[in-house]
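# Coordinate analysis (summary)
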Amino acid sequence: MKAPIKRERTIQLGGTARTPGDVMELYSMGLQFAEIPITDPEPFSHRIGEYQALMDQSGLPYLCHGPREGDPNNADTLETVYLPRLLKILSIMPRLRMRLLTVHLWLDPRFVHPDIIAYKVGFLKRLLETAENAGITVCLENLSENAAHLSAIFETLPSLGLTLDLGHAQILTAQNTSFGFMHGFPERIRHIHLHDNRGGNTPDEDLHLPVGNGIIDFEGIFKDLRLIGYNRTITLELKPDEVRTNLALVKRSLRHAGFKMR
């Protein structure tokens, strides 16, 4: 592991808000931000005013979670469907003062053709250029990749962040790949998704269980997050009622690892 980064170990906890009502539920629990999935920017654009009003009322800042990419090996649909959708989302985000976008773009060479991976690097470069002009950080969300799979991509794209999904990191692997990302690329981790599962060999086994209901070594992960000085945001990627019942355990576990919460 690289030397620990010297900074205050304070994090912010938030939750996923799939509806405006979810925003207020998260606010009522004392969470500090809402991560809003935008799967299709066209219908979402009709609700921007509602989300703006809730943001003004609650004071909760918003992060954005982009849509899935569709067929990960089809460059045509990535270019003609997925990229325009993401560019439209980037144009919406400043209206809600969103400064971080998490994108799904599968880059695991065990499943994605090398030519498509090369295309996706160029795809990300174009996306990053647009995002940087708007003051938005783009984070790639790990799916089944490990740190070695993304090493060359991080080198090529120095402004690309990582949304470290602790649940995805437990799938298609003997050991949770979060440790490799924390050890190899601590400075790239700009955001974290938190949920549990029981491991497995297919994406269908990414169960999004409350923390403690699966096999993920959160004690070890939180300890290493503290050692690298992580002090950003963590989204509980659960339904609001699950967040409510799981929140005390999550806070207790983070405090045990040495974190403070704002």
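Keep in mind the model is a prediction, meaning the values are calculated, not measured. Throughout, a residue's number is its position along its own chain's written sequence, starting from 1. Given that the model is predicted, a residue must reach a pLDDT of at least 70 before its local features are reported, and side-chain atom pairs must reach 80 or more before they are shown or counted; all residues, however, enter totals for whole chains, interfaces and linings. Heavy atoms from the whole structure form the basis of all side-chain values; hydrogens and water molecules are not counted.

Note on placement: Arg-190 falls in strand S7 (residues 189-194). For the buried Arg-190, no salt bridge is present, and the opposite-charge side chain at shortest range is Glu-187, 7.5 Å distant. Arg-190 has contacts with Leu-100, Thr-137, Cys-139, Ser-159, Gly-161, Leu-162, Tyr-230, Arg-232 and Thr-233, leaving out every residue within four places of it along the chain. The helix count covers DSSP runs of H or I at least four residues long, the strand count covers runs of E at least two residues long, and both are numbered beginning at the N terminus. For each residue, the accessible area found with a 1.4 Å probe, counting protein chains only, is set against the maximum for its type, and the residue is called buried under 20%, exposed over 50%, and partly exposed in between. His residues and chain termini do not enter the charge count, which takes Lys and Arg as positive and Asp and Glu as negative. Any carboxyl oxygen of Asp or Glu that lies within 4 Å of a side-chain nitrogen of Lys or Arg is treated as forming a salt bridge with it. Contacts: residue pairs with any heavy atoms within 4.5 Å of one another.

Looking now at the side chain of Lys-120. Mapped onto the elements, Lys-120 comes out in helix H5 (residues 114-133). Each polar contact in these results corresponds to two N or O atoms within 3.5 Å; when the atoms are within protein, one needs to be able to donate a hydrogen and the other to accept it, and residues that are neighboring in sequence are counted only if both atoms are side-chain atoms. For Lys-120, the side chain forms a polar contact with the main-chain oxygen of Pro-72, separated by 2.8 Å. Dropping the residues within four chain positions of it, Lys-120 is found in contact with Glu-69, Pro-72, Leu-78, Leu-105, Trp-106, Leu-107 and Val-112.

A word on the pairing of strand S6 (residues 161-165). Judged by how many residues are buried, S6 sits mostly within the fold: five of five residues are covered. Where burial is concerned, the two faces of S6 agree: the one with Gly-161, Thr-163 and Asp-165 and the one with Leu-162 and Leu-164 are both buried. Note that strand S5 (residues 137-141) and S6 share three bridges and pair parallel. Within S6, the position partnered with Glu-141 by the bridge is Thr-163. With strands facing away from the observer, any crossover in which the path from the first strand over the helix to the second runs clockwise is taken as right-handed. Remark: the S5/helix H6 (residues 147-156)/S6 crossover connection has right-handed handedness. Note: two strands are recorded as paired if DSSP finds a minimum of 2 bridges between them. Pairing analysis gives four bridges linking S6 to S7, with the strands arranged parallel. Looking at S7, one finds that Leu-162 is bridged to Ile-189.

What follows deals with the pattern of salt bridges. Pairing is possible between side chains that carry opposite charge, provided their charged atoms lie close to one another. Scanning all chains against the criterion turns up six salt bridges. Note that Asp-56 and Arg-97 form a salt bridge whose closest N and O atoms lie 3.7 Å from each other. One end of the pair, Asp-56, is in helix H3 (residues 48-58); the other, Arg-97, is in the loop between helix H4 (75-92) and strand S4 (100-103), and 41 residues separate them in sequence. The exposure class assigned to Asp-56 is exposed, which follows from its relative accessible area of 57%. Glu-69 is the salt-bridge partner of Lys-120, the closest N and O atoms lying 2.9 Å from each other. Here Lys-120, found in helix H5, pairs with Glu-69, found in the loop between strand S3 (62-65) and H4; they are 51 residues apart in sequence, far enough to count as distant. Owing to a relative accessible area of 10%, Glu-69 belongs among the buried residues under this scheme.

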